[in-house]
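Here's the letter readout for the chains.
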Amino acid sequence: MRLQGSCHCGAVKFSVDSHTPYPFMRCYCSICRKTAGGGGYAINIMGETKSFKLKGEKNVSVYRARIPDEKTGKRKLSSARRHFCRKCGSALWAWDPSWKEWVYPFASAIDTPLPKPLEEVEMMLDFAVPWAEIPSGSGHLHFRRYPEESIADWHKKRMLDVP
Ligand SMILES: [Zn+2]
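Residues numbered from 1 in each chain as written. Predicted model: local features only at pLDDT ≥ 70, side-chain atom pairs only at ≥ 80, totals over all residues. Heavy atoms only, no water.

A short note on the coordination of the zinc ion
So, point 1. Listed as protein donors to the zinc ion are Cys 7 (SG), Cys 9 (SG), Cys 85 (SG) and Cys 88 (SG); their distances from the metal cover 2.3 to 2.4 Å.
So, point 2. With four donor atoms in place around the zinc ion and angles of 106 to 115 degrees between them, the coordination shape is tetrahedral.
So, point 3. Here the donor residues of the zinc ion share one chain and are spaced in sequence as C-x1-C-x75-C-x2-C. Of this pair, Cys 7 sits in the loop between strand E1 (2–6) and strand E2 (13–17) while Cys 85 sits in strand E10 (residues 81–85), and the two are 78 residues apart along the sequence.
So, point 4. Overall, Cys 7 belongs to the buried group, its relative accessible area being 5%. (Donors = N, O, S within 2.8 Å, 3.2 Å for Na, K, Ca; no water. Tetrahedral: all angles 85-135°; square planar, octahedral: opposite > 155°, others 65-115°. Helix = DSSP H or I, 4+ residues; strand = E, 2+ residues; numbered from the N terminus. Buried < 20%, exposed > 50% of the residue type's maximum accessible area, 1.4 Å probe, protein only.)

A few points about the pattern of salt bridges
So, point 1. As enumerated under the stated definition, the model contains nine salt bridges in all.
So, point 2. Lys 76 is the partner of Asp 69 in a salt bridge, and the nearest nitrogen-oxygen pair spans 3.1 Å.
So, point 3. For Lys 76, a relative accessible area of 42% puts it in the partly exposed group.
So, point 4. The salt bridge partner of Asp 126 is Arg 144, with a shortest N-O separation of 2.9 Å. Pair noted here: Asp 126 is in the loop between strand E13 (120–123) and strand E14 (140–142) and Arg 144 is in the loop between E14 and helix H2 (151–157), with a separation of 18 residues, a long-range link.
So, point 5. The exposure class of Asp 126 is partly exposed, given its relative accessible area of 35%.
So, point 6. Connected through salt bridges with shared partners, the residues Glu 119, Glu 149, Lys 157 and Arg 158 form a single ionic network. (Salt bridge = Lys/Arg side-chain N within 4 Å of Asp/Glu carboxyl O.)

Quick notes on the sheet that holds strand E3 (residues 25–27)
So, point 1. Ordered in space as E4-E3-E13-E14, the four strands form an open sheet in which the pairing is mixed. Single-partner strands in this sheet number two, and they are strand E4 (42–43) and E14. (Pairing = 2+ DSSP bridges.)

Observations concerning the state of the cysteines
So, point 1. This structure, assessed with the given rule, holds zero disulfides.
So, point 2. There is no disulfide at Cys 27, and the cysteine sulfur nearest it, in Cys 29, is 3.8 Å away.
So, point 3. Residue class for Cys 27 comes out buried when judged on its relative accessible area of 7%. (Disulfide = S-S within 2.5 Å.)

Digging into the sheet that holds strand E5 (residues 47–48)
So, point 1. Across the sheet, five strands lie side by side as E5-E12-E11-E10-E7; this open sheet has antiparallel pairing. Pairing within the sheet leaves two strands with one partner each, and these edge strands are E5 and strand E7 (60–63).
So, point 2. Pairing of strand E11 (residues 91–95) with strand E12 (residues 102–105), which is carried by three bridges, proceeds in the antiparallel orientation. When the bridges of E12 are listed, Trp 95 appears paired with Val 103.

Re the side chain of Asn 44
So, point 1. Counting through the fold element by element, Asn 44 comes out in the loop between E4 and E5.
So, point 2. For Asn 44, the side chain forms a polar contact with the main-chain oxygen of Tyr 104, separated by 2.9 Å.
So, point 3. Apart from the residues within four sequence positions on either side, Asn 44 is in contact with Met 25, Ala 94, Tyr 104, Pro 105, Phe 106 and Ile 151. (Polar contact = N/O pair within 3.5 Å; in protein donor to acceptor, adjacent residues only side chain to side chain. Contact = heavy atoms within 4.5 Å.)

Have a look at this one:
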């Protein structure tokens, strides 16, 4: 499935092929909340880096968060690069050289109508703010940190990966 994305002011446009377009994963970590998550969370989907096309590259800025190391607690630069529009501030996509064949657009930046997930994952709940509405009940899987299933596995297991 070809996905078209853009920032709010239109200075940046991108497109990417995705086999995994369901926006099912809500991340409540502080980075997602502060940089993209007005509801207390942000949603990333996944596409293929090799198919990624970008217009307006000069208007794209990159944010790398400093996060505490699990063992030492010392803050270090995250390998994830969060890309956003320098003119309007829209969060656009994340990319990490550790998984360089994939790019992770924010669902909020995608203009193509995405399929609505029937199940959702709520993750990084250790970092959720008290006011965030966290849906629960059937169809909701909760994780204090990362879920066991990757975005690709989630789609495959439910036979939702798009050719
Ligand atoms: Zn913009």
